[in-house]
Amino acid sequence: MEQRELPNSTLILVFGILSIVGCCCYGIAGIIFGIIALVMAKRAMEIYNTDPHLYTGYNNVKTGRILAIIGLVLSGISILITIVSLIAFGGMEGVEEMQREILREYGG
């Protein structure tokens, strides 16, 4: 019996990694990639569990799923920090003014 690669196992891993990297983009990209990776991982795990002996690449799916969860958490934190800072500093104008002050003070 020849083993086959689980569908999208490498893509799930890549999306899991991108979800962590995406948390740096105000969290939006991280949430998008994280959700896609989790949905794809769920489907791949269902396929694998029907007959585990037929498939390889399950470790990529598990790792990608874990990375997607971490990416979602970090992205959620990033979004919360962005919202709090916008509220605390009076919108985008306040944040821009704070950045200008930091540049003036520390010579940027």
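Asks: I'd like to hear about the packing of helix α2 (residues 28–50) against helix α3 (residues 58–88), residue by residue, with values.
Replies: Between α2 and α3, the least distance of the axes is 8 Å, while the angle of their chain directions is 150°. Accordingly, the angle class assigned to the pair α2 and α3 is roughly antiparallel. Seen along the crossing, α2 lies across α3 with a hand that is left-handed. Packed against α2, whose contacting residues are Ile28, Gly30, Ile31, Gly34, Ile35, Ala37, Leu38, Ala41, Ala44, Met45 and Tyr48, the element α3 presents Tyr58, Val61, Arg65, Ala68, Ile69, Leu72, Ser75 and Ile79 at the interface. Of the residues in the contact of α2 with α3, the class split is 15 nonpolar, 3 polar and 1 charged.

Asks: Summarise the confidence of the model for the protein chain; cite the residues concerned and give the values.
Replies: On average, residues of the protein chain score 90 in pLDDT, and 98% of them are at 70 or above. Element-level pLDDT for the protein chain is lowest in helix α4 (residues 91–106), with a mean of 83, against a maximum mean of 96 in helix α1 (residues 9–21).

Asks: Can you lay out the pattern of salt bridges for me, pointing to particular residues and giving the numbers?
Replies: Here the structure, examined in full by the defined rule, presents 4 salt bridges. Between Lys42 and Glu46 there is a salt bridge; the shortest N-O distance is 3.3 Å. Of the two residues, Lys42 and Glu46 are both situated in helix α2; the distance of 4 residues between them amounts to about one turn of the helix. Since its relative accessible area comes to 54%, Lys42 is described here as exposed. Arg100 is the partner of Glu97 in a salt bridge, and the nearest nitrogen-oxygen pair spans 3.1 Å. Of this pair, Glu97 and Arg100 both sit in helix α4, 3 residues apart, which is roughly one turn of that helix. Taking relative accessible area as the criterion, Glu97 reaches 30% and is therefore assigned partly exposed. If you follow the salt bridges from partner to partner, you end up with Lys42, Arg43 and Glu46 in one network.

How each quantity is defined
Residues numbered from 1 in each chain as written. Predicted model: local features only at pLDDT ≥ 70, side-chain atom pairs only at ≥ 80, totals over all residues. Heavy atoms only, no water. Axes fitted to C-alpha atoms, helices over the stretch in contact; angles between N-to-C directions. Helix = DSSP H or I, 4+ residues; strand = E, 2+ residues; numbered from the N terminus. Parallel < 35°, antiparallel > 145°, perpendicular 65-115°, else oblique. Left-handed = near helix turned anticlockwise from the far one by under 90°. Contact = heavy atoms within 4.5 Å. Nonpolar A, V, L, I, M, F, W, Y, C, P; charged D, E, K, R; others polar. pLDDT = per-residue confidence, 0-100. Salt bridge = Lys/Arg side-chain N within 4 Å of Asp/Glu carboxyl O. Buried < 20%, exposed > 50% of the residue type's maximum accessible area, 1.4 Å probe, protein only.

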